[in-house]
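These are the residues of each chain, in order.
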Amino acid sequence: AKRLVVLASGGGSNLAALLAAHGDPAYGARVVGVVSDRPDAGALDLARDAGVASAVVAMKDFEDRTAWNAGVLEAVSVFQPDYVVLAGFMRILAPEVVRRFEGRMINTHPALLPSFPGAQGVRDALAHGVKVTGCTVHLVDDGVDTGPILAQVAVPVQDGDDEPTLTERIKVAERALLVETVGRVAREGLYVTGRRATIGR
Ligand code: GAR
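Residues numbered from 1 in each chain as written. Predicted model: local features only at pLDDT ≥ 70, side-chain atom pairs only at ≥ 80, totals over all residues. Heavy atoms only, no water.

Per an unreviewed UniProt entry, the protein chain is named Phosphoribosylglycinamide formyltransferase, and its organism is Promicromonospora citrea. The UniProt entry for the protein chain carries the following text under Function (unreviewed entry): "Catalyzes the transfer of a formyl group from 10-formyltetrahydrofolate to 5-phospho-ribosyl-glycinamide (GAR), producing 5-phospho-ribosyl-N-formylglycinamide (FGAR) and tetrahydrofolate." (UniProt positions renumbered as here; feature names shortened; annotations may be inferred.)

Structure follows, in structure tokens:
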């Protein structure tokens, strides 16, 4: 199985979905490590409960951003990942870190990129008044949420939605999409031509 390292800052519902899938050898990938920038992240509890090793790289424990990025690179590298999955990791990694895992770092984002990148994808889509939003699983490049897209699912905005209700509806779709996409990438490989990424041959 391909080795996955998951980076997460939050509750970790996407991590939980990966952990629910990875026990099946046919899935083709397993989570070998979890790295968080927040010592209180629920994702760390999920890792512990699943018997998966974890590491914390809190910004406050490092001299500056450069040192923190080096710490993240080291924390991730010790697990020797085939793929690195950003599952609600709410910090921007330096280009040096991204390049080290070029073509092997996957992010999930709660909007239909290239619309509504950044930390508030759900809020921004709602504020714009779109009737359809969704989620995107994509490769990470030097930009913020700009890398080649691997998969997307549309989620309708309903009258009366607010940020929590829309967030929850997107997250249901997102978990399924992330698990499916990461599994396919692990089993079938990935081919990138310019901006276009294709899973399998
Ligand atoms: C997910 O919806 C993910 O797309 C989003 O944070 C949530 C984390 O949920 N990420 C971003 O907004 C990145 N800019 P989780 O902790 O329950 O997996």
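Next comes the rest of the write-up.
> Outline the UniProt feature "active site" (unreviewed entry) in the protein chain, supporting the account with residue identities and numerical values.
Mapped onto this numbering, the UniProt entry gives "active site" (unreviewed entry) at His109. Residues contacting His109, with those up to four places away along its chain left out, are Phe116, Pro117, Gly118, Gly121, Gly134, Cys135, Thr136, Asp145 and Glu174. (Contact = heavy atoms within 4.5 Å.)

> Mind laying out helix α5 (residues 121–128), listing which residues take part and the relevant values?
Among the residues of α5, Gly121, Val122 and Ala125 are the ones counted as buried. What you see down the axis of α5 is that its buried residues fit within an arc of 100 degrees, all on one side. Turning to α5, the residues buried within the fold contact β5 (105–109), β6 (132–139) and α6 (163–188). A positive phi of about 80 degrees marks Gly129, the residue just after α5. (Buried < 20%, exposed > 50% of the residue type's maximum accessible area, 1.4 Å probe, protein only. Helix = DSSP H or I, 4+ residues; strand = E, 2+ residues; numbered from the N terminus. Arc of directions from axis to C-beta.)

> Now, about the site of the ligand: what can you tell me, with residues and values included?
In the vicinity of the ligand lie 13 residues, with Gly12, Ser13, Asn14, Lys171 and Glu174 positioned nearest. Note that an oxygen atom of the ligand is positioned 3.3 Å from one of the backbone N or O atoms of Thr108. Measuring from a nitrogen atom of the ligand, one finds a backbone N or O atom of Gly118 at 3.3 Å. Of all the elements in the fold, those that place two or more residues in the shell around the ligand are α1 (13–21), β5 and α6. (Near = heavy atom within 4 Å. Polar contact = N/O pair within 3.5 Å; in protein donor to acceptor, adjacent residues only side chain to side chain.)

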